[in-house]
Amino acid sequence: MMIASDSYDYEEIGISIRRAVRPARVVFAVLGLALLAILLSRSLFQVGLGEVAVVVDPVTKTVSRPIVGPTLAFKPPWAYIVKDYVGVEAIDMFFEPPRDYPAVFALTKDGVSVDVDITIRYRVRPEYFDLLVRNYPALNYEEDFLVATARQVVREVVAKYVLTDLIENRALVARDVESSIEERIRADPVIGRALKLLGVNMRNVRIPDEILKAINEKIAAQQYAIKAEYERKAKLIAANATAEALLIEA
């Protein structure tokens with residue numbers, strides 16, 4: 001009787017243990033699924049249409065090859081994503097809004113200050129986006145290189161001309177500015193490869209109001225002098241014609 005009783009007690013203990021283990025397994029399974037969901041949410045990412053992305057791993061200090069959207073991709077949970085737009089971008093450096101940056105302030109050879117409006121059009125080359133991220137991790141290439149280069153070039157070109165030559169040879173100045181900016185952008189080992197330059201346009205040169213007023217007054221005076229000279233000659237011709245008519249009549 002003792003043996004049967006002992007056997008019965010062991011069976012009861014086993015059943016109790018199994019009953020206690022089952023909830024623990026459920027808890028572990030739920031925790032495992034939750035952890036898996038968290039890992040997936042931190043590992044799976046989307047690259048949209050018109051975007052390019054790279055995975056930056058701060059542990060190994062590596063940058064992945066570019067991933068062009070639209071697509072889904074995976075990354076280590078601790079890594080982060082850097083994205084950019086690969087369509088056509090335009091930088092407007094204008095005196096008046098709307099604009100991205102102010103116009104370029106420059107001095108002519110004779111010391112007159114002017115404001116030059118510039119537009120730069122470009123797009124990112126997806127195949128070199130990893131190169132761009134390695135050299136410009138914050139993607140500040142637009143302000144740090146493109147805008148800075150445009151300002152430097154415009155100031156150097158404008159400084160070659162006195163104001164009157166700048167006004168009279170505006171098309172020549174524009175070509176000089178555009179070709180110089182294009183040359184410097186294409187010569188840069190990073191920007192020249194990672195960005196495709198689509199065009200540079202010098203749109204306007206704004207002269208100070210007082211200088212413009214003086215120029216207009218000078219032009220007006222010249223036009224008035226030309227008109228006065230024309231009227232004087234016309235009167236002289238008319239007088240000569242009258243005198244000849246009187247002479248013939250006499």
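Refer to the structure printed above.
Parameters at a glance
Along each chain, residue indices are assigned from 1 in the same order as the chain's sequence is written. Totals for whole chains, interfaces and linings use every residue, but because this is a predicted model, local features are given only for residues with pLDDT of at least 70 and side-chain atom pairs only at 80 or more, for both listing and counting. Processing note: side-chain calculations cover all non-hydrogen atoms of the structure and skip hydrogens and water entirely. Segments assigned H or I by DSSP are reported as helices when at least four residues long, segments assigned E as strands when at least two residues long, and all are numbered from the N terminus. Relative accessibility decides the category of a residue: with a 1.4 Å probe and only protein chains considered, values under 20% of the type maximum give buried, values over 50% give exposed, and everything between is partly exposed. Helix span is expected to be 1.5 Å times the residue number reduced by one. Contact between two residues is taken to exist if any of their heavy atoms lie within 4.5 Å; hydrogens are not considered. Patches here are clusters of residues that have more than 30% relative accessible area and form no salt bridge, with a 9 Å joining cutoff for like charges and a 5 Å cutoff for nonpolar side chains (Val, Leu, Ile, Met, Phe, Trp, Tyr). The protein chains shown are the only cover counted for residues, whose accessible areas, like all others here, come from Shrake-Rupley with a 1.4 Å probe. Only one rule defines a salt bridge in this text: a Lys or Arg side-chain nitrogen within 4 Å of an Asp or Glu carboxyl oxygen. Angles shown run from 0 to 180 degrees and are taken between the N-to-C directions of axes, each axis being a line fitted to C-alpha atoms and, for helices, limited to the stretch in contact. For classification purposes, angles smaller than 35 degrees are called roughly parallel, those larger than 145 roughly antiparallel, those between 65 and 115 roughly perpendicular, and all remaining angles oblique. By definition, any crossing whose near helix is turned counterclockwise from its far helix by less than a right angle is left-handed, and any crossing with a clockwise turn is right-handed. Amino acids outside the nonpolar list (Ala, Val, Leu, Ile, Met, Phe, Trp, Tyr, Cys, Pro) and the charged list (Asp, Glu, Lys, Arg) are all regarded as polar, and Gly is one of them. Aromatic contacts are taken between Phe, Tyr and Trp rings whose centres are within 6.5 Å, Trp giving its six-membered ring; a plane angle under 30 degrees counts as stacked, one over 60 as edge-to-face, and the others as tilted.

**Q** I'm lost on unusual backbone geometry in this one. Help?
**A** For residues that are not glycine, phi is negative in most cases, and the peptide bond is trans in most cases. A cis amide bond links G69 with the next residue in sequence, P70, at an omega value of 5°. Residue position: P70 is located in the loop between strand 4 (67-68) and strand 5 (71-74). Residues other than glycine seldom take positive phi values, yet K61 does so here, at roughly 55°. Along the chain, K61 falls in the loop between strand 2 (51-57) and strand 3 (62-63). Looking at K61, the relative accessible area reads 72%, which means it is exposed.

**Q** Just to check I follow, could you spell out helix 5 (residues 170-187) for this structure?
**A** The α-helix winds at 3.6 residues per turn, so residues separated by three or four positions along the chain end up facing the same way. In this model, helix 5 (18 residues) spans 26 Å end to end at C-alpha, consistent with the 26 Å of a helix rising 1.5 Å per residue. The set of residues buried in helix 5 consists of V173, A174, D176, V177, E178, S180, I181 and I185. Buried positions along helix 5 lie against strand 10 (113-124), helix 3 (141-158), helix 4 (163-168), helix 6 (191-194) and strand 11 (195-206).

**Q** Could you clarify how one ought to interpret a nonpolar patch on the surface in this entry?
**A** Together, L44, L72 and F74 make up a nonpolar patch on the protein surface, roughly 330 Å² of accessible area in all. Its place among the elements puts L72 in strand 5.

**Q** Can you help me understand the packing of helix 3 against helix 5 in this one?
**A** The relative placement of two packed helices is expressed as an angle between their axes plus a distance between the axes. Look at helix 3 against helix 5: their axes get within 9 Å of each other, and the N-to-C directions meet at 140°. Considering their axes alone, helix 3 and helix 5 lie oblique with respect to each other. Considering how the two elements wind past one another, helix 3 and helix 5 form a crossing that is right-handed. Between helix 3 and helix 5, the contacting residues are F145, L146, T149, A150, Q152, V153, V154, E156 and V157 on the first element and V173, D176, V177, S180, I181, R184 and I185 on the second. Of the residues in the contact of helix 3 with helix 5, the class split is ten nonpolar, three polar and three charged.

**Q** How should the packing of aromatic side chains be read in this particular structure?
**A** Aromatic ring pairs are described here by two measures, namely the spacing of the ring centres and the angle between the planes. Counting across every chain of the model gives two aromatic pairs. An aromatic cluster of three or more residues is present, and its members are Y122, Y136 and Y141.

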